[in-house]
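What the coordinates show
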Amino acid sequence: MNIVVLMKQVPDTYAERKLNPADNTLDRDASDAVINEIDEYAIEEGLLLKEAHGGEVTILTMGPDRATESLRKALSMGADKAVHVVDDALHGSCAITTAKVLAKALATIEYDLVIAGSEATDSRLSVVPALLAEALGVPQLSGARKVQVEGSTVTIERSTDTGYDRVEGATPAVISVVEKINEPRYPSFKGIMAAKSKPVQSLSLADLGMSPDEVGLGASTTTVESFQEAPPRSAGTIVKDEGNGGVAIAEFLASKKLI
Amino acid sequence: MAEVLVLVEAANGSLKKSTLELLTAARTLGEPSAVVIGAPGTAAALKDKLAEYGAAKVYVAESEEIDAYLVAPKAEVLAQIAKDAEPAAILVASNAENKEVAARTAFKLDSGFLADAVEITAEGSAKQSIFGGAVTVTSRVAKGVPVISLRANSVSAAPAPGTAEEVSVPVSLSEGAKAAKLLERVEEAKGSRPSLQDASVIVSGGRGVGSAENFSVVENVADSIGAAVGASRAATDAGWVPHQMQVGQTGVTVSPQLYIALGISGAIQHRAGMQTSKTIVAVNKDPEAPIFELADFGVVGDLFTVAPQLAEEVAKRKG
């Protein structure tokens, strides 16, 4: 079973994140870059499935040069190889374009399953796995808290508001996982050493048979017209509980007509 | 006036509040048309209410096959209706499934998708709150029909009469739309509390709650106000409550009228999911907890004395 895990490098959530006023895109140099947190769960799930069913795990990312650091980390967790779609023209690509580019890249890799995290901490759209399934014309098995593979049949438990849906599809399929699915492993020292010599293939737009006009800010299906720092919330009333804290809250809520 | 498609959501035969909000928001862009995609008989029960909230048309696309497969059928039917109607915009309520339906619809229409709008302007652009509420952006779709998901509680639903003229839409799904088969829908959550996504009031508990048993303190406050119950990641990671209840990054993003945080410190992880709440109340032992920077009203104290007193006082005032 050959598995491709999608990985996105994102700014560290715990650092200050900024937009670049020049073109209203994410300022990727303003903060530390890390593997998108839920993608580590996707990598773990890929490794677990490989351990159970054999095959290879390939990490696929689209991102700037520095995304190689994150690819090496993913490889040190145990993935076999990586494919890095990197091209200056991709800067500012929207989710739909990203799915189209990833679909082209996947056409160069043999795979049975694509596994992604359910959400990136920077854009928080949660739609690239669905869009990728649409672009590839394969089953969308998203929001999985559990994945089971038997032959060419994949069954997931899709997390819902009130429980879960059991959803089934045939390979090749696109899966996205939520963080309750597993506990990602830490890279071992051996893994870190081994990762240094694992193959990382770079693909440009030309390699994918795409032209720069099809991607990037110019071709984006959405445009950020302007942005502003949200005004700080006006300072609230903070009181120390002197035995009537609960009553004080109720009075506040009543004054706002909230109860 | 331009037509605006609104994807209808219902549960147990009645419209979700978020659908009424969408119909209200749609009126700033044009004339709302409700789109009901579901099992046969779904629309009949909803039509009166759709008319009451301004639907000029109700597209009815009903088939047993819709709910037999995940997401793709709805996207296919919605795109098909949009191709014929050429609407000014398509609005859906922000939740995991609708966002996937919306994105796939935009893909099919060769247009664009704006997620999690907190406001939609008359020109069809959307305001979004990003980076955990630190930045507000104004975005628009660059080409084609804008497909926008709107966060619950972003507008107040207001009635306005509409004719709700029924337009029947034949459903014939492609094989591609039947790729992910829904085998079973399992309900785990018990009780009759409102869902987190839709609720106008949410009471959440965090690390300070201390155990699964203690979560009843949070639930009692929620039940006194008729609120949904949420949790911080510390509480879901500890296994005190199910993952579905997690508010924050990698969990649910909410924007209720009132958010009460009990024993939650307010890490960025959590703030990212609740910072756009209209009114925020916090109870925490630690006066330095970052949640107090957001709170409109905060009590520094022990939640195990403050919360029960609050629940009791609310009940008393209700009489």
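Residues numbered from 1 in each chain as written. Chains lettered and ligands numbered in written order. Predicted model: local features only at pLDDT ≥ 70, side-chain atom pairs only at ≥ 80, totals over all residues. Heavy atoms only, no water.

Considering helix 2 (residues 67-77) of chain A
- Looking at helix 2 of chain A, one finds that the buried residues are Ala 67, Ser 70, Leu 71, Ala 74, Leu 75, Ser 76 and Met 77 of chain A.
- Directly beyond the C-terminal end of helix 2 of chain A, a positive phi value near 135 degrees is found at Gly 78 of chain A. (Buried < 20%, exposed > 50% of the residue type's maximum accessible area, 1.4 Å probe, protein only. Helix = DSSP H or I, 4+ residues; strand = E, 2+ residues; numbered from the N terminus.)

Focus: the pairing of strand 15 (residues 258-262) of chain B
Residue and element names in this part refer to chain B.
- Among the five residues that make up strand 15, five are buried, leaving the element largely enclosed by the rest of the structure.
- Alternating positions in strand 15 separate into two faces, Leu 258, Ile 260 and Leu 262 on one and Tyr 259 and Ala 261 on the other, with burial throughout.
- Relative to strand 15, strand 13 (residues 201-205) is paired through five bridges, and the arrangement is parallel. If you follow Ser 204 over to strand 15, its bridge partner there is Ala 261. (Pairing = 2+ DSSP bridges.)

A few points about the packing of helix 7 (residues 245-255) of chain A against helix 9 (residues 303-318) of chain B
- Where helix 7 of chain A contacts helix 9 of chain B, the two axes come as close as 7 Å, and the packing angle between them is 45 degrees. When the axes of helix 7 of chain A and helix 9 of chain B are compared, the pair comes out oblique. For helix 7 of chain A against helix 9 of chain B, the interelement crossing comes out right-handed. Counted together, Gly 245, Gly 246, Val 247, Ile 249, Ala 250, Glu 251, Leu 253 and Ala 254 of chain A of helix 7 of chain A and Val 306, Gln 309, Leu 310, Glu 313 and Arg 317 of chain B of helix 9 of chain B form the full contact between these two elements.
- The residue inventory of the contact of helix 7 of chain A with helix 9 of chain B, partitioned by class, reads seven nonpolar, three polar and three charged. (Axes fitted to C-alpha atoms, helices over the stretch in contact; angles between N-to-C directions. Parallel < 35°, antiparallel > 145°, perpendicular 65-115°, else oblique. Left-handed = near helix turned anticlockwise from the far one by under 90°. Contact = heavy atoms within 4.5 Å. Nonpolar A, V, L, I, M, F, W, Y, C, P; charged D, E, K, R; others polar.)

Brief notes about the packing of aromatic side chains
- Applying the stated criterion to the full structure yields one aromatic pair over all chains.
- Seen in terms of ring centroids, Phe 252 of chain A and Phe 297 of chain B are 4.9 Å apart; in terms of plane orientation they differ by 15 degrees. Their pairing is stacked. With Phe 252 of chain A in helix 7 and Phe 297 of chain B in strand 17 (residues 297-300), the pair connects residues from two separate chains.
- Overall, Phe 252 of chain A belongs to the buried group, its relative accessible area being 12%. (Phe/Tyr/Trp six-rings, centres within 6.5 Å; stacked < 30°, edge-to-face > 60°.)

A closer look at the sheet that holds strand 16 (residues 279-284) of chain B
- Across the sheet, six strands lie side by side as 15(A)-17(B)-16(B)-15(B)-13(B)-14(B); this open sheet has parallel pairing. Lying at the two open borders of the sheet, with one neighbouring strand each, are strand 15 (237-240) of chain A together with strand 14 (228-231) of chain B. Averaged over all neighbouring strand pairs, the angle between strand axes comes to 15 degrees, with direction disregarded.

A few points about the interface of chain B and chain A
- Residue-level contacts link 86 residues of chain B with 77 residues of chain A.
- Contact with chain A buries surface across chain B, with Phe 107, Phe 131 and Phe 297 of chain B losing the most and accounting together for 11% of the total.
- The salt bridge partner of Glu 134 of chain A is Arg 104 of chain B, with a shortest N-O separation of 2.7 Å.
- Summed over the shared surface of chain B and chain A, the result is 41 residue pairs in polar contact (both at pLDDT 80 or more). (Buried area = accessible area lost by both parts, 1.4 Å probe. Salt bridge = Lys/Arg side-chain N within 4 Å of Asp/Glu carboxyl O. Polar contact = N/O pair within 3.5 Å; in protein donor to acceptor, adjacent residues only side chain to side chain.)

Structural notes on the pattern of salt bridges
- Applying the stated criterion to the full structure yields 35 salt bridges over all chains.
- Where Glu 65 of chain B meets Lys 178 of chain B, a salt bridge forms, and the shortest distance between an N and an O atom there is 3.2 Å. Of this pair, Glu 65 of chain B sits in the loop between strand 5 (57-62) and helix 3 (72-85) while Lys 178 of chain B sits in the loop between strand 11 (165-168) and strand 12 (181-187), and the two are 113 residues apart along the sequence.
- Judged by its relative accessible area of 27%, Glu 65 of chain B is partly exposed.
- Of the residues examined, Lys 178 of chain B reaches a relative accessible area of 21% and is grouped as partly exposed.
- Here the residues in one salt-bridge network are Glu 37, Glu 179 and Lys 180 of chain A together with Arg 233 and Asp 237 of chain B, joined through shared partners.

Quick notes on the layout of surface pockets
- Considering only enclosed or pocket space, the second largest pocket measures out at about 870 Å³ in volume.
- Lining the second largest pocket are 37 residues; nearest its centre among them are Ala 230 of chain A together with Ser 129, Gly 133, Ala 134 and Thr 136 of chain B.
- Those elements giving two or more residues to the lining of the second largest pocket turn out to be strand 14 (222-229) of chain A together with strand 7 (113-120), strand 8 (126-130), strand 9 (135-141), helix 7 (268-274) and helix 8 (291-294) of chain B.
- Class assignment of the residues belonging to the lining of the second largest pocket gives a composition of twelve nonpolar, 14 polar and eleven charged. (1 Å grid on protein atoms, 1.4 Å probe; cavity = no way out; pocket = protein on both sides within 12 Å on 5 of 7 lines; lining within 4 Å. Points joined across faces, edges and corners; volume = space filled by probe spheres on them.)

Observations regarding the packing of helix 1 (residues 37-53) of chain A against helix 2 of chain A
Residue and element names in this part refer to chain A.
- Between helix 1 and helix 2, the least distance of the axes is 10 Å, while the angle of their chain directions is 35 degrees. Here helix 1 runs over helix 2; the crossing is right-handed. Between helix 1 and helix 2, the residues in contact are Glu 40, Ile 43, Glu 44 and Leu 47 and Lys 73, Ala 74 and Met 77, respectively.
- Counted by class, the contact of helix 1 with helix 2 contains four nonpolar, no polar and three charged residues.

Things to note about the side chain of Glu 134 of chain A
- Looking at the secondary structure, you find Glu 134 of chain A in helix 4 (residues 128-136).
- Judged by relative accessible area, which is 15%, Glu 134 of chain A ranks as buried.
- A distance of 3.0 Å separates a polar atom in the side chain of Glu 134 of chain A from a polar atom in the side chain of Lys 108 of chain B.

Examining the sheet that holds strand 8 (residues 113-117) of chain A
- Taken in spatial order, the ten strands line up as 13(A)-7(A)-6(A)-1(A)-8(A)-12(A)-9(A)-10(A)-11(A)-12(B) in an open sheet, and their pairing is mixed. Of all the strands in the sheet, the pair left with one neighbour each is strand 13 (200-203) of chain A together with strand 12 of chain B. Each neighbouring strand pair of the sheet contributes to a mean axis angle of 30 degrees, computed without reference to strand direction.
- Pairing between strand 11 (residues 163-170) of chain A and strand 12 of chain B: six bridges, direction antiparallel. Paired with Asp 165 of chain A across the two strands is Arg 185 of chain B, which belongs to strand 12 of chain B.
- Packed on one face of the sheet, helix 2 of chain A meets strand 6 (57-62), strand 7 (81-85) and strand 13 of chain A and runs near 160 degrees to strand 7 of chain A.
- Along the sheet, helix 3 (residues 95-106) of chain A makes contact with strand 1 (3-6), strand 6, strand 7, strand 8 and strand 13 of chain A, crossing strand 6 of chain A at roughly 145 degrees.

Description of the nonpolar core
- Ranked by internal contacts, the top residues of the largest apolar core, which has 73 residues, are Ile 43, Ile 59, Leu 113, Val 147 and Ile 175 of chain A.
- Per-element accounting of this core gives the leading share, eight residues, to helix 3 of chain B.
- Among residues more than four places away in sequence, those in contact with Ile 59 of chain A are Val 5, Met 7, Ile 43, Leu 71, Ala 74, Ala 79, Lys 81, Ala 82 and Val 83 of chain A. (Core = buried A, V, L, I, M, F, W, Y, C linked by side-chain atoms within 4.5 Å.)

Focus: the environment of Ile 81 of chain B
Residues and elements named next belong to chain B.
- Within the fold, Ile 81 resides in helix 3.
- Overall, the relative accessible area of 3% leaves Ile 81 in the buried class.
- Residues within four places of Ile 81 in sequence aside, it is in contact with Leu 5, Val 35, Tyr 59 and Val 169.

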